[in-house]
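# Overview (structure and organization)
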Amino acid sequence: MKKAIVYLMIFVVICFLSDSALKYSLGKEIDNQSPYYLSFASIGANLLESRLDCWAKIKTASTNQELDEALLKILNYLELPADEKEFLHQETNETIICRYELSKDEQRYLFILQTSKTDHKSHFLMTTISSTGDLQLRRDEEKLRKLLDCKSYYLYKGSIDTRLDNAGQEELLRVVMKCLKAEVNDVYQQNQLISMTGFSPALENKISQVKVAGKNCNAQGAIRCNPKENTSEIYLGFPLLLNDY
């Protein structure tokens with residue numbers, strides 16, 4: 001009888017520890033989720049594309065060779081293939097430019113390094129696009145930040161299988177901002193498009209913030225109708241949407 005009680009107590013302790021470990025693991029997984037994930041899931045949106053734009057000032061490169069060397073250093077650091085034969089060069093009276101595109105593991109990269117002949121400063125831009133989530137994008141950004149003092153903007157594009165009127169667009173976008181725990185600062189509406197900017201304290205340590213009309217902002221969402229496909233397209237930008245939508 002005593003053995004049975006001991007075995008039962010051991011079993012209860014194991015179950016408790018297993019449950020605690022599972023909750024901890026799930027909690028960590030949720031914490032590590034990309035900010036778009038819960039928002040898209042809450043409104044039934046399918047992710048179509050994730051995009052990362054990073055740019056930084058780099059050591060001045062005065063020639064094509066020096067730009068190539070700077071690009072090679074970045075590519076090697078990111079463990080990306082570097083085919084120097086594919087480096088494209090362009091030179092004008094004002095700038096020297098090196099451009100390189102590549103694809104790896106269903107992810108497209110564009111690198112541009114540019115030197116101004118007037119102020120003798122060089123800048124770097126990396127744009128990378130994925131159709132399978134943003135895990136590698138975030139890894140690339142984290143790695144790049146150890147090499148360069150860069151600024152980063154994220155863009156997520158999704159699709160909702162229904163065509164919404166203006167009221168429906170605004171309602172869904174407010175759900176998205178609520179999932180981000182963001183207070184809405186501004187609402188813009190034109191024809192079949194609505195956009196909102198806001199600030200989320202929950203993203204404060206993950207996303208850099210910018211000033212928009214004197215207010216802190218680290219999230220922007222937009223929804224527009226696609227009449228041809230009879231769907232609605234949703235865009236999320238952190239801290240803002242950089243590109244046309």
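Everything discussed here concerns the structure shown above.
So, a few notes on the structure that sits alongside this text. All chains use their own residue numbering, which begins from 1 and follows the written sequence. The predicted origin of the model limits local features to residues at a pLDDT of at least 70 and limits the giving and counting of side-chain atom pairs to 80 or more, whereas totals for whole chains, interfaces and linings rest on all residues. For the side-chain quantities, the full set of heavy atoms in the structure was used; hydrogens and water were omitted.

### Quick look at helix 2 (residues 35–42)
Heads up, the condition is: Summary of the burial criterion: residues with accessible area below 20% of their type's maximum are buried, those above 50% are exposed, and those between are partly exposed, where the area comes from a 1.4 Å probe applied to protein chains only. Only runs of H or I of at least four residues qualify as helices and only runs of E of at least two qualify as strands under DSSP, and these elements are numbered from the N terminus. Here, the arc refers to the directions that run from the helix axis to the C-beta atoms. We call two residues in contact when some of their heavy atoms are within 4.5 Å.
Every buried residue belonging to helix 2 is among Pro35, Tyr36, Ser39 and Phe40, and all of these are buried. Each buried residue of helix 2 sits inside an arc of 105° when the element is viewed along its axis, so together they form one side. Facing away from the buried side of helix 2 by more than 90 degrees, the exposed set consists of Leu38 and Ala41. On its buried face, helix 2 is in contact with strand 1 (46–58), strand 6 (151–160), helix 5 (166–179) and strand 12 (231–238). A positive phi of about 70° marks Gly44, the residue just after helix 2.

### Comments concerning the packing of helix 3 (residues 64–77) against helix 4 (residues 135–147)
Quick note on the threshold: Only the contacting stretch of a helix is used when fitting its axis, a line to C-alpha atoms as for every element, and angles between N-to-C directions run 0 to 180 degrees. Note on angle classes: values under 35 degrees are labelled roughly parallel, values over 145 roughly antiparallel, values of 65 to 115 roughly perpendicular, and the remainder oblique. Less than a right angle of anticlockwise turn of the near helix away from the far helix marks a crossing as left-handed, whereas a clockwise turn marks it as right-handed.
At a minimum axis separation of 10 Å, helix 3 and helix 4 run at an interaxial angle of 130°. Judged by the inter-axis angle, helix 3 sits oblique to helix 4. Between helix 3 and helix 4 the crossing geometry is right-handed. The segment helix 3 lies against helix 4, with Lys73, Ile74 and Tyr77 engaging Lys143, Leu144, Lys146 and Leu147.

### A look at the pairing of strand 2 (residues 88–91)
As a reminder, the rule being used: For two strands to be treated as a pair, DSSP must find at least two bridges joining them.
As paired strands, strand 2 and strand 3 (residues 95–104) are joined by four bridges and run antiparallel to one another. Within strand 3, the residue paired with Glu91 across the bridge is Ile96.

### Brief notes about the side chain of Ser195
The topology assignment puts Ser195 in strand 8 (residues 193–199). The exposure class of Ser195 is buried, given its relative accessible area of 4%.

### Brief notes about the sheet that holds strand 2
The ten strands are arranged 2-3-4-5-1-6-12-11-8-7 in an open sheet whose pairing can be described as antiparallel. Since the sheet does not close on itself, it has two edges, and those belong to strand 2 and strand 7 (183–190), each with one partner. Recorded for the sheet is a direction-independent mean angle of 15° between the axes of neighbouring strands. Pairing geometry for strand 11 (residues 219–226) and strand 12, over seven bridges, is antiparallel. Its bridge partner lying in strand 12, Ala222 is registered against Tyr235. The sheet contacts of helix 3 involve strand 1, strand 2, strand 3, strand 4 (107–116) and strand 5 (122–130), and relative to strand 3 the element is tilted by about 30°. Along the sheet, helix 5 contacts strand 6, strand 7, strand 8, strand 11 and strand 12; its crossing angle with strand 8, the most-contacted strand, is approximately 20°.

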